[in-house]
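So the chains spell out like this:
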Amino acid sequence: MNDTWTYPADLVKKIPPQHYMHVMNNNTSIVRVEVGPQTYVCKDEESAVYGPTKMVVIAPRHYITIKNPVLKDENGEVIQDKFGMAKLAWGDEEIRLEQEPFPLYPGELWDKQVKPLRIIPANTALRLKATRDFHDKYADRERKAGEEWYFKGPGTYFPQIAVQELQLVKATVIQPGEALHLKANSDFVDQLKIQRFTGDEWMFDQPGAYLPSLQESIVKIVPAIVLTDKSALHLQATHQFVDEFGKTRYPGDTWLITKEDSETHIPHVYSRVKAHVPITTLTKRQYAIIRNPVNPVTGRFVLFEILVNNGSQTSTRKERDPKRGGIFFLATRRENRAYR
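Along every chain, residues carry numbers that run from 1 in the direction the sequence is written. Restriction of local features to residues with pLDDT of at least 70 applies here, the model being predicted, together with a cutoff of 80 or more for giving and counting side-chain atom pairs; totals for whole chains, interfaces and linings are based on all residues. As a rule here, side-chain values cover all heavy atoms of the structure and leave hydrogens and water aside.

Engineer: Explain the overall build of the chain to me, please; I cannot follow it from the model alone.
Structural biologist: The number of helices and strands found in the chain is zero helices and 34 strands. The cut-offs for exposure are 20% and 50% of the maximum accessible area for each residue type, with area from a 1.4 Å probe on protein chains only; residues under the lower value are buried, those over the upper are exposed, and the others partly exposed. Within the chain, the proportion of its 340 residues that are buried is 30%. Working note: accessible area of the chain is about 22600 Å², and carbon and sulfur atoms make up 50% of it. By definition, any uninterrupted DSSP run of H or I lasting at least four residues is a helix, any uninterrupted run of E lasting at least two residues is a strand, and each is numbered from the N terminus. Per-residue and other accessible areas were derived by the Shrake-Rupley procedure at a 1.4 Å probe size, with only the shown protein chains allowed to occlude residues.

Engineer: What's the story with the nonpolar core in this structure? I'm lost.
Structural biologist: Among soluble globular proteins, nonpolar side chains are generally buried collectively. Core analysis: the largest hydrophobic core is formed by ten residues, namely Tyr20, Val33, Met55, Val56, Ile58, Ile64, Ile66, Phe102, Leu104 and Trp110. Each residue touching Val56, except ones within four places of it in the same chain, is listed here: Ile64, Pro101, Phe102, Leu104 and Trp110. Side-chain atoms within 4.5 Å are what join buried Ala, Val, Leu, Ile, Met, Phe, Trp, Tyr and Cys residues into a set we call a nonpolar core. Throughout, a contact is declared for two residues whenever any of their heavy atoms are within 4.5 Å.

Engineer: Hey, could you run me through the sheet that holds strand β25 (residues 231–237) in this one?
Structural biologist: Consider a sheet: its strands pair through backbone hydrogen bonds, and that pairing is either parallel or antiparallel. Between any two strands, at least two bridges found by DSSP are needed for them to pair. Taken in spatial order, the three strands line up as β28-β25-β30 in an open sheet, and their pairing is antiparallel. Here the strands that pair on one side only, and so sit at the sheet edges, are β28 (254–257) and β30 (271–278). Across the sheet, the mean angle from the axis of one strand to that of its neighbour is 30 degrees, orientation sign disregarded. Pairing analysis gives four bridges linking β25 to β28, with the strands arranged antiparallel. Bridging across to β28, Leu233 finds its partner in Ile257. Inter-axis angles, ranging from 0 to 180 degrees, are taken between N-to-C directions of lines fitted to C-alpha atoms, where helices are fitted over the stretch in contact.

Engineer: Sorry, what's going on with the sheet that holds strand β3 (residues 31–35) here?
Structural biologist: If you trace the three strands from one edge of the open sheet to the other, you get β3-β2-β5, paired in antiparallel fashion. Among the strands making up the open sheet, the edge pair consists of β3 and β5 (46–54). The average undirected angle you get between the axes of adjacent strands in this sheet is 25 degrees.

Engineer: Teacher, can you tell me more about unusual backbone geometry here?
Structural biologist: Excluding glycine, most residues fall at negative phi; most peptide bonds, likewise, are trans. Gly36 connects to Pro37 through a cis peptide bond whose omega is 10 degrees. Locating Pro37 in the fold gives a position in the loop between β3 and β4 (38–41). Of note, the bond from Gly51 into Pro52 is cis; its omega dihedral lies within 30 degrees of zero at 0 degrees. Tracing the backbone shows Pro52 in strand β5. Although it is not a glycine, Arg61 adopts a positive phi angle of roughly 60 degrees. Here Arg61 is to be found in the loop between β5 and β6 (62–67). Positive phi outside glycine occurs at Lys193, with the angle close to 65 degrees. Within the secondary structure, Lys193 sits in the loop between β19 (188–189) and β20 (195–196).

Engineer: Looking at this model, I keep getting lost on the pattern of salt bridges. Mind explaining?
Structural biologist: For side chains of opposite charge, pairing can occur when their charged atoms come near one another. Salt bridge, as used here: a side-chain nitrogen of Lys or Arg that lies within 4 Å of a carboxyl oxygen of Asp or Glu. Applying the stated criterion to the full structure yields 13 salt bridges. One salt bridge connects Glu165 with Arg118, and the closest N-O pair in it is separated by 2.9 Å. Within this pair, whereas Glu165 is found in strand β16 (residues 163–170), its partner Arg118 is found in strand β10 (residues 118–120), the two being separated by 47 residues in sequence. What makes Glu165 partly exposed here is its relative accessible area of 33%. Taken together, the shared-partner salt bridges in this structure form one network comprising Asp136, Arg141, Arg143 and Glu147.

Engineer: Help me out: how do you make sense of the environment of Lys137 in this one?
Structural biologist: Within the secondary structure, Lys137 is located in the loop between β12 (134–136) and β13 (141–143). Exposure remark for Lys137: the relative accessible area of 56% places this residue in the exposed category. Residues Lys137 and Gln160, spaced 23 residues apart in sequence, show a C-alpha to C-alpha distance of 9.3 Å.

Engineer: Looking at this structure, how should I read the packing of aromatic side chains?
Structural biologist: What describes a pair of aromatic rings is the distance from one ring centre to the other and the angle between the planes of the rings. Centres within 6.5 Å make a pair out of two Phe, Tyr or Trp rings, where for Trp the six-membered ring is used; the pair is then stacked when the planes are under 30 degrees apart, edge-to-face when over 60, and tilted otherwise. Counted under the stated rule, the structure contains six aromatic pairs. A centroid spacing of 6.4 Å and a plane angle of 50 degrees characterise the contact between Phe241 and Trp255, whose relative ring orientation is tilted. Here Phe241, found in strand β26 (residues 241–242), pairs with Trp255, found in strand β28; they are 14 residues apart in sequence, far enough to count as distant. The same class applies to Phe241 as to Trp255, namely buried. By the criterion adopted, a ring carries a charge over it if an Arg CZ or a Lys NZ lies within 6 Å of its centre and within 35 degrees of its normal. Looking at Arg143, its charged tip hangs above the ring of Trp149, at a distance of 3.9 Å from the centre. Across from the ring centre of Trp202, 4.2 Å away, lies the NZ or CZ of Arg196, which sits over that ring.

Engineer: Can you walk me through the confidence of the model for the chain in this structure?
Structural biologist: Close inspection of predicted coordinates is inappropriate for parts of the model with low pLDDT. Chain-level statistics for the chain give a pLDDT mean of 84 and a share of 83% at 70 or above. Taken together, the stretch residues 313–323 has pLDDT below 50 and engages in 29 contacts with residues farther than four places along the chain or on a different chain. pLDDT is defined as a per-residue confidence score from the predictor, taking values between 0 and 100.

Engineer: Explanation requested: the side chain of Arg143 in the structure shown.
Structural biologist: Structurally, Arg143 is set in strand β13. Among the polar contacts made by the side chain of Arg143, one reaches the side chain of Asp136 at a distance of 3.2 Å. If sequence neighbours within four positions are ignored, Arg143 has contacts with Ala130, Arg132, Asp133, Phe134, Asp136 and Trp149. Counted as a polar contact is a pair of N or O atoms within 3.5 Å, where, for protein atoms, one must be capable of donating a hydrogen and the other of accepting one, and residues adjacent in sequence contribute only when both atoms are in side chains.

Put into structure tokens, the structure is as follows:
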């Protein structure tokens, strides 16, 4: 007769290292976690309901998302209810980063996906949005639901449950001789410390990579217009503004910009190019009559005045000449002839 007594096979559970098992008390329906390495013998009122199975391992620079995460106190200890079962944040989620292998408590779920952390390269930014009020532990500040901000590269982005990733924004490279036409979407202070108001438009012409803020948008890239000795730009103001030469332009004002003013010109957002005006060349036997000439000091038209230019000399007088403006040839007076 064999006097040796052994436990039934279904009551003895060998839990290897880095493994765990869920054990349920059949009387109270309380489920607890047993962690290996150990050989666990279930009591009469207990049964193994899950496992043994491997613990969750998160590789360096990776993360996972846990549903219904267990609640922990300030010391990192699992909080238990009055029955001795781990408390869960039902319906919530939690991001877990690289750490020692750990078990899942009864009710915790994950999708078996270990995801790599996202690397944000230089001259780019990740646009983020808060889905609820929370404390941003990486920025050490409070965020409000609906708030948006940038995580600028280069750097590693650590995800948070209350943060939605909207899009990756790349900086626009401004080449020499180009400018960005920008528009304010809301009131803010721009990168040059200038106060902008909703609807404002302006040019930014500093060469390099430009990453627009959340409060502004890029309308277009504007190339510079190269001026030569043979032509000028005819511009007209659409709104009141002060141009790059310090002159105040009013709606409807028109003026010329030549190479003497600047070798290149980027039109202001409140001006438009009416035409490229070619230079007018006079020969020794020609002169020009210009009606309503522009005063070189004020930059405004002088109405009812005529300017006569023969290439070397100019004179002005009140408008009495019946001829219209244009280019005319000098008349040759023959001997013994006179002109009235």
